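Coordinate analysis (summary)
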Amino acid sequence: MNILGISSDFHDSSAAIVRDGILVATAAEERFSYQKHDPTFPGLAIQACLKQAGLQAGEIDFVAYHESPAEKLSRVMASRLRDFPRGFLPFARSMRELAMGQLWIKFDIFQSTGIEPRKIHYVPHHLGHASYAFAASGFEDAAVLVIDAVGEWASTSWFKASRAGGRLEVDPAGLVPYPHSLGMLYSAFTGFLGFRINDSECSTMALASFGQPRYADRVRRILRGQGDGTYEIDLSFFDFSDSERLPVSRKFLELFGEPRSFRNKLPFAIFDDGKNAAVSEKDQYYADVAASIQAVLEDAVLALCAKLRRETGAANLCLAGGVALNATMNGRVIRESGFENVFVPPDPGDGGGAAGAALALFGNLPEARMPANPAFHPYLGADFSGLRVDDLASRLEFRDWSRHRVIPSVLGNLKGISMRRFEPTAFESLAGEVAEDLKKGKIVGWLQGRFENGPRALGNRSLLIDPANRDAARRLSRNVKLRAPYRPYACSVSRERSGDFFDQARDRIPPAMRWMASTHSVREEARAKVAQALHVDGTTRPQIVERSENPRFHRLLEAWESASGNPAILNTSFNESGYPMVSSPLDALLMFARTDIETLVLDDLVLRKEV
Amino acid sequence: MSFRLRHLLIRHVLPLTTRNSARQKTRVLQEFAQTELDSAWQSVYALPKVQDTDTRLLLFDHAVEELFHADLFSRLAAEKSPDLPGQLITRREPLIALDGKDQGRVVEFLAYLSTGETEINTDFEVYETAIPDKDIRRVIKTIREDEVWHAKDSTEQLEKMAAVEGKKLSWLRFRHLLFLAQRRYASVMGKFGTLPMTLMMFVAYALFGGIFASQARRRLSMGSGEQLGFMRRQQESFRAKLGASR
């Protein structure tokens, strides 16, 4: 049985294929469209997933769409009409968007794929998130906590899940209704701090580490914990009526002051051991506000976790929804929630919505039985092994790209590009050469196989450097990624050596630690080795690499350790600021041309800039 | 004549020249950035289906430059914007379907590229004189220097490939000019088309908004128990529909 999952029309639209209960392909539209968080109909992602699964559209039995457009319409109408007679313009805008877009989704799917509308089903949004997290976790039973901006009507919900008898049972156990939304609250603070909503929440999280939660009490006036572990939001502090404006009310501004202008650069930096030049009182204030909302969010989620543990008695917890991208929060949940195992899927937000919808649909079919112990991994994107690039790459040496770069190069005059194709059996030599380049302080673009799902680079679309090399890290930030200096990097380390760096990994690896889903303190004696991948608080967001899951990347880590004595590598997503992660070798080649990446590995092809 | 007509239209219709609103300027610059980005994307999307290496190189270089132009416009949009500009996103669809076997379709793509670049070059020539904002003029001048070469290179490649594939150039160009005109018309009508819809919404809002407002408030203040019941019913109904469809 083949199920096509689709999510669209909010952010991070995506497609997925589930075959007989196993997720075989999933991809976000942004990976094909050059538009970060692309919410448009995922026509390109659908084609890529079908191709990856070796299917024609006619072989699809069901299509699972990630939410009910009619329910969403009723929620949006209710939100807009509440303020009647004020708020006509937001009402008109929302209605226009829905009337010209999502309400016709069955027609869009039919037009794009030829799949008959009778095969298309709407899956409750949070049920999809919960099903994805649970199915991927491999747990026999678990409590599942879904936290995002909003589903149809729920903004936080929790489920009891089990796979007893092979059935995927995911049953709702409680919720906090819209508009009491932790996701929207965190996003509102993100906007207040001068960052882009639904995009730069990671910046709020990064900034939080430079501050102290001095204003947590003020935030608690807005987000009030209830005695039973749930919460309530004082809505008088917000104005969600117009999606094009900062969604806070005058009352919020009276409490927190003027929003930070996006033009003012923040002086904080992860380099120089966190000693920041000229931090003004105002800058520190915003960092403290970030720390406050982060701390209050974490406390609220821990209270929810305690409630779930009490009510379900489960030993395992799955986290899902966009808020589960908050790695600092996840770290605290792992350490403090009391659950024995905590799992976060690689794409817990709407990028994983298509996979979730498809899995939920399969789980709810009367005759469906989940396969026993399905091995799950995040490398389910498209692969481009048939794509020919050698002819292009071999003629790039004559190119001068300097005139067409917004980021000036610091590499010096480009004399040419050298190119070498390795035999697939000669991977040892390739890994050895790349390790030598890393040792020389070079920035390596690393692309292999199918791309990973979600926003984290997990060794298939990664930019790599020596994590102890400050100069390389600076160049990576300034001349490749155009990354704000207060945003920290992550690192990869093999499972065998992870205990050298993390106390939590000494006995067994927490599931949420495998794919950069959580931050953890690095052991004091190992910090120098990963100095450039550390945040100011001594934490990092690790990927623990299993040989069985990604053998080539694991082998590269070994080669790197042989060359340098350091088992860890700094690993960050292969993209430029404002663009999604690269997908195909052509995208990688473009970024190689536009930035200071010095060595580019495209599976078995290695390109080097000669300067 | 065509140049004068464009000058007239751009000077009196384009918000960059007619309005001082920073938001409008930002919006138009974002649209320019999106056009350049889409052009880069079209080239990268077409590239794997093209066999001739010279054409492939042309498309690659084209993509590098168009991405650069998109970045220039995006940066300028952020500079001109009074507040953090939102993202402008459009759905990506290949303009010319290529399958990798029929290289005659590649000539169609090159015709699109050549015609499009020539047209943009002419437009930008007008913008350079019509737009009062110096920063915008400077960026457009930088980009136009590239577009002149794009138009020349893509036309040369088109001529070469058309000769190989035995296609008639003037007919190709004419068809693609019509295609461009149709796209522009659709884009303009798309913008005006929202107006009647907004008017209809206004009438509906004014007539019925008051009736449904109290219901809306009641629905939004529903307690979590009631909402949970609703969520369970939604899941049951989903299961029932699935069961019925088997």
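Each value, and the rule that gives it
- Once a new chain begins, its residue numbering starts again from 1 and follows that chain's sequence as written.
- Here every chain gets a letter starting at A, and every ligand a number starting at 1, in the order they are written.
- Only residues with pLDDT of 70 or above have their local features reported here, since the model is predicted, and side-chain atom pairs are shown and tallied only from 80 upward, although totals for entire chains, interfaces and linings are computed over all residues.
- Hydrogens and waters are ignored; side-chain quantities use all the structure's heavy atoms.
- What counts as an axis is a line fitted to C-alpha atoms, over the stretch in contact for a helix, and the angles between N-to-C directions run from 0 to 180 degrees.
- Under the scheme used here, helices are H or I runs from DSSP no shorter than 4 residues and strands are E runs no shorter than 2 residues, and both carry numbers assigned from the N terminus.
- We call two directions roughly parallel when the angle between them is under 35 degrees, roughly antiparallel when it is over 145, roughly perpendicular when it lies between 65 and 115, and oblique otherwise.
- When the near helix sits turned anticlockwise from the far one by under a right angle, the crossing is termed left-handed; a clockwise turn instead gives a right-handed crossing.
- The contact criterion used throughout is that any non-hydrogen atoms of two residues lie within 4.5 Å.
- For this classification, Asp, Glu, Lys and Arg are treated as charged, while Ala, Val, Leu, Ile, Met, Phe, Trp, Tyr, Cys and Pro are nonpolar and the rest, including Gly, are polar.
- Counted as a polar contact is a pair of N or O atoms within 3.5 Å, where, for protein atoms, one must be capable of donating a hydrogen and the other of accepting one, and residues adjacent in sequence contribute only when both atoms are in side chains.
- Whether a residue is buried, partly exposed or exposed follows from its accessible area with a 1.4 Å probe, protein chains only, as a fraction of its type maximum: under 20%, in between, or over 50%, in that order.
- Buried area is a sum: the accessible area each of two parts loses on coming together, probed at 1.4 Å, counted once for each and added.
- The salt bridge criterion pairs a side-chain nitrogen of Lys or Arg with a carboxyl oxygen of Asp or Glu, the two atoms within 4 Å.
- Strands qualify as paired when DSSP identifies two bridges or more between them.

It is worth spelling out the packing of helix H4 (residues 88-100) of chain A against helix H7 (residues 169-220) of chain B at this point. One way to put it is that H4(A) packs onto H7(B) with a least axis distance of 10 Å and a crossing angle of 120 degrees. It follows that H4(A) is oblique to H7(B) by the angle criterion. As H4(A) packs across H7(B), the resulting crossing turns out to be right-handed. Contact residues: A:Phe88, A:Phe91, A:Ala92, A:Met95, A:Arg96, A:Ala99 and A:Met100 in H4(A); B:Thr194, B:Met197, B:Thr198, B:Met201, B:Phe202 and B:Tyr205 in H7(B). The residue makeup of the contact of H4(A) with H7(B), split by class, is 10 nonpolar, 2 polar and 1 charged.

Residue and element names in this part refer to chain A. Along the polypeptide, Trp560 turns up in helix H17 (residues 551-564). Along the chain, Trp560 and Ile544 lie 16 residues apart, while their C-alpha atoms are 15 Å from each other. Beyond its immediate chain neighbours, meaning those up to four positions away, Trp560 contacts Ala435, Leu438, Lys439, Asp466, Pro467, Gly565, Asn566, Pro567, Ala568 and Ile569. Within the structure, the side chain of Trp560 is placed 3.2 Å from the backbone oxygen of Asn566, a separation counted as a polar contact.

A few words on the side chain of A:Lys307. Residues and elements named next belong to chain A. Looking at the element boundaries, Lys307 is found in helix H11 (residues 281-312). Looking at Lys307, the relative accessible area reads 7%, which means it is buried. The residues touching Lys307, leaving out its near neighbours within four places in the chain, are Trp158, Asp228, Gly229 and Thr230.

Listed by partner, the interface residues are 86 residues for chain A and 73 residues for chain B. Both sides together, the interface formed by chain A and chain B hides about 6,900 Å², and carbon and sulfur atoms give 65% of it. Between the two partners, chain A and chain B, sit 6 salt bridges. A salt bridge links A:Asp171 to B:Arg239, with the shortest nitrogen-to-oxygen separation between them at 3.6 Å. A per-class count over the side of chain A that touches chain B returns 49 nonpolar, 14 polar and 23 charged.

What follows is about the sheet that holds strand S3 (residues 22-28) of chain A. All names here are of chain A. Taken in spatial order, the 5 strands line up as S3-S2-S1-S4-S5 in an open sheet, and their pairing is mixed. The sheet is open, and its two borders are formed by S3 and strand S5 (120-122), each paired with just one other strand. For this sheet the average axis-to-axis angle between neighbouring strands, irrespective of direction, equals 20 degrees. Both strand S2 (residues 14-19) and S3 contribute to a ladder of 6 bridges, which runs antiparallel. Paired with Ser14 across the strands is Ala28, a residue of S3. In the packing of helix H5 (residues 105-113) onto the sheet, the strands contacted are strand S1 (2-7), strand S4 (62-65) and S5, and the crossing angle to S5 comes to about 145 degrees.

We now examine the packing of helix H3 (residues 69-81) of chain A against H7(B). The interhelical angle for the contact between H3(A) and H7(B), taken along N-to-C directions, is 105 degrees, at an axis separation of 8 Å. Between H3(A) and H7(B), the crossing angle belongs to the class labelled roughly perpendicular. Contacts between H3(A) and H7(B) involve A:Ala78, A:Ser79, A:Arg80 and A:Leu81 from the former and B:Tyr205, B:Gly209, B:Phe212, B:Ala213, B:Ala216, B:Arg217 and B:Leu220 from the latter.

This part is about the pattern of salt bridges. Residue and element names in this part refer to chain A. What the rule picks out here adds up to 53 salt bridges over all chains. Between Glu598 and Arg475 there is a salt bridge, with the nearest N and O atoms lying 2.9 Å from each other. Here Glu598 is found in the loop between helix H18 (585-594) and strand S21 (599-602), whereas its partner Arg475 is found in helix H16 (residues 470-481), with 123 residues between them in sequence. On the basis of relative accessibility, which here comes to 11%, the residue Glu598 falls in the buried class.

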